[in-house]
Amino acid sequence: MLASTGLWAQKNKTQLEQEKKENLRKIAEAEKILSETQSRRKVTVGQLQALEQQIKARESLITGLKQEVGLLNTEISDLTIVVNALQVDLENLREEYATMIYSAYKTNFGYNIVTYLFAAETFNQLFQRMQYLDQYAESRRIQVEQIEVVADELNAQRTSVQVKRDEQSTLLSQQLQESRKLQNSRKQKSGMIATLTKKESQLRKEVTARKRAIDKLDRTIAAIVRKEIRNAEKATAIEVLDEEEFTMTFERQKKNLDWPVASGFISKKFGTQPHPVLRRIKTENNGVDIQTNGQELVRTVHAGEVKMVGYLQGMNNFVMVKHGKYFTVYSRLKNVMVEKGQQISALDPIGEVYTDQDGISEVHFEVWRNTSKLDPETWLRPL
């Protein structure tokens, strides 16, 4: 509870609204990708990954809704304190006003104003009584204005409390709806895992085939990189300066590189990861896999030179782009729109994502610095 309260304190309403908007976008995006894979009426690992992405986004959405409700609780509590204080002030002002009227009546012994004035024994006393009446009238006017101001503010604060309560009610209703959807998605996930577990033999073959394809791509890339390193050793001073400039420009974009596709999510992370279905089986990934929509254009993440265009069994068409001492690789392309030696800019289309027989549209993306493979997720702009 204390940890949650601390988290609420760190985020304001604008931040929570922005997070909610982003989570709703991710849910809709995952739903679209999931619907494309489900059209084949076949349960696949790709479907499972899309569903897991949707579950993750919905869990984040529900957390955000809880934080918004907590924030509203604090606001309502604060407003209630203000309302109570204003109510006390208004009652005090009204009592003071009533006391003022009663005191004035007693002082004048029930006389009307004219009688009170002409009852003065001297001109000086008359003048003093006139001043007193002016001051009294001014005091009454100020007191009435204060009562009106406090009453208006009290009504405004009461309205604010009601608005907040209505907003809170809407959020609680939305939270309940999303919780039900999350529960259904989790049941669907369990069913998918149960179905896929029965296909263990097929899944193991897919893991083996994928490893073979990635190893072949790895060897191909490494060979090209080694050739580029040898060429760099023979480069002129001007060529070396140009390469250093390209390298530094790329490095300055760390954590801010554009994504190779306009929409999608990381379905397979970099490095050694547990298989989503097979127990005790781990897979190795030299880059990241991004599941996206069918017919999505794949784009270069940064300006550079196309060093290689090729085709490998299991990885389909691939493109390798040089950025100084850095290289980016895009594979599982349906087609290629660039050619070797071409200079390209950031976000230039280089091909269209390949969609497999199961309806999974997934691009494989890698980042290298010379012969070192890097985690692309640490280079891409956070979504």
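Each value, and the rule that gives it
- Residues numbered from 1 in each chain as written.
- Predicted model: local features only at pLDDT ≥ 70, side-chain atom pairs only at ≥ 80, totals over all residues.
- Heavy atoms only, no water.
- Helix = DSSP H or I, 4+ residues; strand = E, 2+ residues; numbered from the N terminus.
- Buried < 20%, exposed > 50% of the residue type's maximum accessible area, 1.4 Å probe, protein only.
- Contact = heavy atoms within 4.5 Å.
- Areas by Shrake-Rupley, 256 points an atom, 1.4 Å probe, with all protein chains shown as cover.
- Patch = residues over 30% accessible without salt bridge, like charges linked within 9 Å, V, L, I, M, F, W, Y side chains within 5 Å.
- Salt bridge = Lys/Arg side-chain N within 4 Å of Asp/Glu carboxyl O.
- Lys, Arg positive; Asp, Glu negative; His and termini not counted.
- Charge placed at Lys NZ, Arg CZ, Asp CG, Glu CD.
- Core = buried A, V, L, I, M, F, W, Y, C linked by side-chain atoms within 4.5 Å.
- 1 Å grid on protein atoms, 1.4 Å probe; cavity = no way out; pocket = protein on both sides within 12 Å on 5 of 7 lines; lining within 4 Å.
- Points joined across faces, edges and corners; volume = space filled by probe spheres on them.
- Nonpolar A, V, L, I, M, F, W, Y, C, P; charged D, E, K, R; others polar.
- Expected span 1.5 Å × (residues − 1).
- Arc of directions from axis to C-beta.
- Pairing = 2+ DSSP bridges.

Here we take up the overall build of the chain. Helix and strand counts for the chain come out as 7 helices and 12 strands. The buried share of the chain, reckoned over its 383 residues, is 39%. Within the chain, contacts between residues at least 6 apart in sequence are counted, and of these 74% link residues at least 24 apart. For the chain, the exposed surface amounts to about 21,800 Å²; the carbon and sulfur share of it is 53%.

Attention now goes to a positive patch on the surface. Together, R226, K227, R230, K234 and K340 make up a region of like positive charge exposed at the surface. Within the fold, K234 resides in the loop between α6 (200-233) and α7 (237-251). The class of K234 is exposed, set by a relative accessible area of 71%.

Here we come to the nonpolar core. In this structure, I290, V298, V319, Y330, I350, V363 and F365 are the most contacted members of the largest nonpolar core, which totals 24 residues. Those elements that provide at least two residues to this core are β4 (288-291), β7 (316-323), β8 (326-336), β10 (349-353) and β11 (362-369). The residues contacting V319, other than those within four sequence positions of it, are V306, M308, V309, T328, V329, Y330, L333, V336, V338 and I350.

Here the focus is the pattern of salt bridges. In total, this model carries 25 salt bridges according to the counting rule given. For R25, the salt bridge is made with E22, and the minimal N-O distance between the two is 2.5 Å. Of this pair, R25 and E22 both sit in helix α2 (residues 13-38), 3 residues apart, which is roughly one turn of the helix. Taking the relative accessible area as the measure of exposure, E22 reaches 24% and is therefore partly exposed. Note that E244 and K325 form a salt bridge whose closest N and O atoms lie 3.2 Å from each other.

Quick look at the layout of surface pockets now. Taken as a whole, the second largest pocket spans an internal volume of roughly 360 Å³. E228, E239, E243, E305 and K322 are the residues nearest the centre of the second largest pocket, which is lined by 18 residues in total. Counting only elements with at least two residues in the lining of the second largest pocket, the list comes to α6, α7, β6 (304-312) and β7. By residue number, the principal contributor to the lining of the second largest pocket is α7, which donates 6 residues. Residue classes in the lining of the second largest pocket are distributed as 4 nonpolar, 5 polar and 9 charged.

This part is about unusual backbone geometry. The backbone of R280 sits at a positive phi, close to 60°, despite the residue not being glycine. Topologically, R280 is positioned in the loop between β2 (271-274) and β3 (282-285). Accessibility expressed as a relative area gives 81% for R280, which makes it exposed. Phi at Q295 takes a positive value of approximately 65°, unusual for a residue other than glycine. When you line up the elements, Q295 lands in the loop between β4 and β5 (297-299).

Moving on: α7. Helix length check: α7, at 15 residues, gives a terminal C-alpha distance of 21 Å against a target of 21 Å (1.5 Å per residue), a fit within 8%. If you check which residues of α7 are buried, you get E243, T247 and F250. Along the axis of α7, the buried positions cluster into a sector of 65°, meaning they face one direction only. Those residues of α7 that are exposed and angled more than 90 degrees off the buried face are A237, I238 and L241. Structurally, α7 contributes buried residues whose contacts are with α6, β7, β8 and β11.

Attention now goes to the pairing of β11. Across the 8 residues of β11, 7 count as buried, placing the element largely inside the fold. Judged from the 4 bridges that link them, β4 and β11 form a sheet pairing that is antiparallel. The partner of V288 across the bridge, within β11, is F365. In this sheet, strand β12 (residues 372-374) lies alongside β11 in antiparallel orientation, the contact comprising 3 bridges. When the bridges of β12 are listed, V367 appears paired with L374.

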